[in-house]
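Close look at the chain arrangement
Chain by chain, the residues run as shown.
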Amino acid sequence: MNEELSRRTFLKAAAVGTVTLAAMSQMGGLAAVAEAGGTEGENAAKTAAAAFDGKAKFAGAHNIRKVSEDLVYLGVSDRRLELFENVYPIPRGVSYNSYLLLDEQTVLFDTVDRSVNGQFFENLAFALNGRKLNYFVVHHMEPDHCSAISEVLQRYPEAKILCSEPAAKMINQFFNFDVTTRGYTVTEGMELATGKHKLMFLMAPMVHWPEVMMTYDATDGILFSADAFGTFGALNGNLFADEVNFETEWLPDARRYYTNIVGKYGPQVQAVLAKAATVEIKTICPLHGPIWRDNLAFILDKYDKWSSYTPEDPGAVMVVYGSVYGGTENAANIIAGKLSEGGVRNVAVYDVSKTHVSELIAEAFRCSHIVFASITYNMGIFTPMKNLLMDLQAHNVQNRSYALVENGSWSPASGKLMKEILSQMADMRQIGDTVTVVSTTNSESYDQLCILANALIESLSGTPVPLEETPVAVEQWRCKVCGYVYEGDALPEGYTCPICGVGADMFEKIS
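Rules and cut-offs
- Residues numbered from 1 in each chain as written.
- Predicted model: local features only at pLDDT ≥ 70, side-chain atom pairs only at ≥ 80, totals over all residues.
- Heavy atoms only, no water.
- Helix = DSSP H or I, 4+ residues; strand = E, 2+ residues; numbered from the N terminus.
- Buried < 20%, exposed > 50% of the residue type's maximum accessible area, 1.4 Å probe, protein only.
- Contact = heavy atoms within 4.5 Å.
- Areas by Shrake-Rupley, 256 points an atom, 1.4 Å probe, with all protein chains shown as cover.
- Patch = residues over 30% accessible without salt bridge, like charges linked within 9 Å, V, L, I, M, F, W, Y side chains within 5 Å.
- Salt bridge = Lys/Arg side-chain N within 4 Å of Asp/Glu carboxyl O.
- Axes fitted to C-alpha atoms, helices over the stretch in contact; angles between N-to-C directions.
- Parallel < 35°, antiparallel > 145°, perpendicular 65-115°, else oblique.
- Left-handed = near helix turned anticlockwise from the far one by under 90°.
- Nonpolar A, V, L, I, M, F, W, Y, C, P; charged D, E, K, R; others polar.
- Polar contact = N/O pair within 3.5 Å; in protein donor to acceptor, adjacent residues only side chain to side chain.
- Phe/Tyr/Trp six-rings, centres within 6.5 Å; stacked < 30°, edge-to-face > 60°.
- 1 Å grid on protein atoms, 1.4 Å probe; cavity = no way out; pocket = protein on both sides within 12 Å on 5 of 7 lines; lining within 4 Å.
- Points joined across faces, edges and corners; volume = space filled by probe spheres on them.
- Core = buried A, V, L, I, M, F, W, Y, C linked by side-chain atoms within 4.5 Å.
- Pairing = 2+ DSSP bridges.

1. Comments concerning the overall build of the protein chain
Within the protein chain one finds 15 helices and 26 strands. Here the protein chain holds 511 residues, and 52% of them are scored as buried. The contacts of the protein chain with a sequence gap of at least 6 include a subset with a gap of at least 24, amounting to 70%. Only carbon and sulfur atoms are counted for the fraction: they give 50% of the accessible area of the protein chain, which is about 21900 Å².

Here's what the structure looks like:
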């Protein structure tokens, strides 16, 4: 074989068996499957485990589905798992998607989580129907997609792995064998001819692991997208996104999946979207959730917004509060009510102590405006609120407008500390001044909350909102020690602060 033969040509030739083992050894990164001292078949037999000899139908093998004329869905849904990656609640379960191409050469795309391996191998054997497995493409090395790699190679010793170079290193970490003894590493743009179909490999590093790649079937316009375009949720019989009301039934979980799993890597997703724009995609086959074969513009638009950190809903406000005894919660509800009175219809209010942080991350990607209202706790930010802010920063949330409300019974400090975290995030714009509540709202803090709500409305609409006139107490006096405010005509004789106990001489007149 000519030493200048390209890797792309090599893979095309290898697919139809026209390249000699001697020629393979010249390809460097595309090492031969055979080991020294034996033929390919002999060495595969040496390393292959005995064929599975258990019950013929562990779970029942009739759950495969046709995606297209030559493509079969082998995936399995899990409705028992409570936490995805032991972090994210999945009350609707999750699906683990795997696909099999039945061409002149057969190609398996990924496996499943080990919890559903029994069903997966029944599906695979049933779909092959006695045929050999020729190729095994590994798109992503996260264990919920690769747990069965070694068993696939034991059951189908002729199969050759195809993966990225970083994935080959990870395979060695997880399974302690060298990919070059069982297959090939591929690089950007390399192609594989399987007969009727032509597969092209596209690298997608950091979407969301460094080894991730995708495969494009140029014959049918199918993109095997790894974790991209996936979602939480078990498949309930309907395999395709156009068979369900995706926007109402699936979009919240798709958003929560993207923002929490992939959200940090927006620039890398943008790079993949740019690649996708250069080929004609008719179907997207992700590793979780429904398959896209219609209205692809919908999900591509969502991914473009999420990955560019553009608010999905520019007219939405999330109000999130951290409260212990109700004072801060009341302030949050006042703002939400004033927003509604001002015509804002897309307002969502969340208790940071009760709502899982993954829901709040997803809402932060959806909404253009966020109100953070927090008590001061141990002279800092209320712990659940601080955790949310750190998570927002870790997920690279940016390009949002925000407002701050702080509360403290003797020394409010959470507003300043929240702003310090938010100022470290890109293109975050504060709306209005930080409103300080001392224990509970009084007429002064109520007025300030109204002013803040109006500033938010103006920011949303671009139209100034006239302030509502509210009565103000004749006199107000603030404790110089703890900040408590007394309202009345004058401080009573012998008055002491109900919070810190100091006398009237420690109060100052503020209005």
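2. Observations regarding a nonpolar patch on the surface
A cluster of nonpolar residues, V324, Y325 and Y377, forms a patch on the protein surface that exposes about 390 Å² of accessible area. By the element assignment, V324 lies in the loop between β17 (313-322) and α11 (327-341). Residue classification places V324 among the partly exposed positions, given a relative accessible area of 42%.

3. Details of the packing of helix α13 (residues 383-394) against helix α14 (residues 414-422)
At their nearest, the axes of α13 and α14 sit 10 Å apart, and the two run at 15 degrees to each other. Compared by their axis directions, α13 and α14 come out roughly parallel. Two packed elements cross with a definite hand, and for α13 against α14 that hand is right-handed. Within the contact between the two elements, α13 uses M385, L389, M390 and Q393 and α14 uses M418, I421 and L422. Tallied by class, residues from the contact of α13 with α14 come to six nonpolar, one polar and no charged.

4. Some thoughts on the side chain of N123
Secondary-structure assignment places N123 in helix α4 (residues 117-128). The exposure class of N123 is buried, given its relative accessible area of 0%. A polar side-chain atom of N123 sits 3.1 Å from the main-chain carbonyl oxygen of L74.

5. Things to note about the packing of aromatic side chains
Any aromatic ring pair is given by two values, namely how distant the centres are and how the planes are angled relative to each other. All told, the structure shown has 21 aromatic pairs when counted by the stated rule. An angle of 70 degrees between the planes, with centres 5.7 Å apart, marks the rings of Y73 and Y99 as edge-to-face. In this pair, Y73 is assigned in strand β2 (residues 71-73) and Y99 in strand β7 (residues 99-102), connecting sequence segments 26 residues apart. Considered together, Y73 and Y99 belong to a single accessibility category, that of buried residues. Seen from their ring centres, F232 and Y257 are 5.2 Å apart, and the 85 degrees between their planes marks the pair as edge-to-face. With F232 in the loop between β15 (222-224) and α8 (246-262) and Y257 in helix α8, this pair connects stretches of sequence that are 25 residues apart.

6. A few points about the side chain of S225
Position of S225 relative to the elements: it lies in the loop between β15 and α8. With sequence-adjacent residues up to four places away left out, S225 is seen in contact with M214, I284, C285 and P286.

7. Here's the deal with the layout of surface pockets
If a probe the size of a water molecule is rolled over the atoms, the empty space left behind becomes visible. By volume, the largest pocket amounts to about 450 Å³. Lining the largest pocket are 19 residues, with N63, G75, V76, S77 and R79 positioned closest to its centre. Secondary-structure elements contributing two or more residues to the lining of the largest pocket are β3 (76-78) and α4. With three residues, the single largest contributor to the lining of the largest pocket is β3. By residue class, the composition of the lining of the largest pocket is seven nonpolar, eight polar and four charged. Of the voids in this model, the second largest pocket is the one considered here, and its volume is about 360 Å³.

8. Some remarks on the nonpolar core
One broad trend across soluble globular proteins is that nonpolar side chains are buried collectively. Counting residues in hydrophobic clusters, the biggest one holds 121 residues, and the most contacted among them are F120, I149, F246, F372 and M385. At eight residues, α8 tops the list of elements feeding residues into this core. Counting 20 residues, the second-largest nonpolar core is a separate cluster that includes V319, V435, L452 and I457.

9. Some remarks on the pairing of strand β14 (residues 213-217)
Of all five residues in β14, five are buried, a share of seventy percent or more. Residues M213, T215 and D217 of β14 are buried on one face, and the alternating residues M214 and Y216, pointing to the opposite face, are buried as well. Inspection of the sheet shows strand β13 (residues 198-203) paired to β14 by five bridges, in the antiparallel sense. From the neighbouring strand, M200 faces β14, where its bridge partner is Y216. Sheet topology places β14 next to β15; three bridges connect them, and they run antiparallel. Looking at β15, one finds that T215 is bridged to F224. Counting the residues in the hairpin turn of β14 and β15 gives four residues, including G221, whose phi is positive at 70 degrees.

10. Overview of unusual backbone geometry
Residue V207 is joined to H208 through a cis peptide bond whose omega torsion reads 5 degrees. A positive phi is found at N129, a non-glycine position, where the angle reads about 55 degrees. Mapping N129 onto the fold places it in the loop between α4 and β9 (135-137). With a phi close to 70 degrees, S439 is a non-glycine residue in the positive phi region. Position of S439 among the secondary structure elements: in the loop between β23 (435-437) and α15 (443-461).

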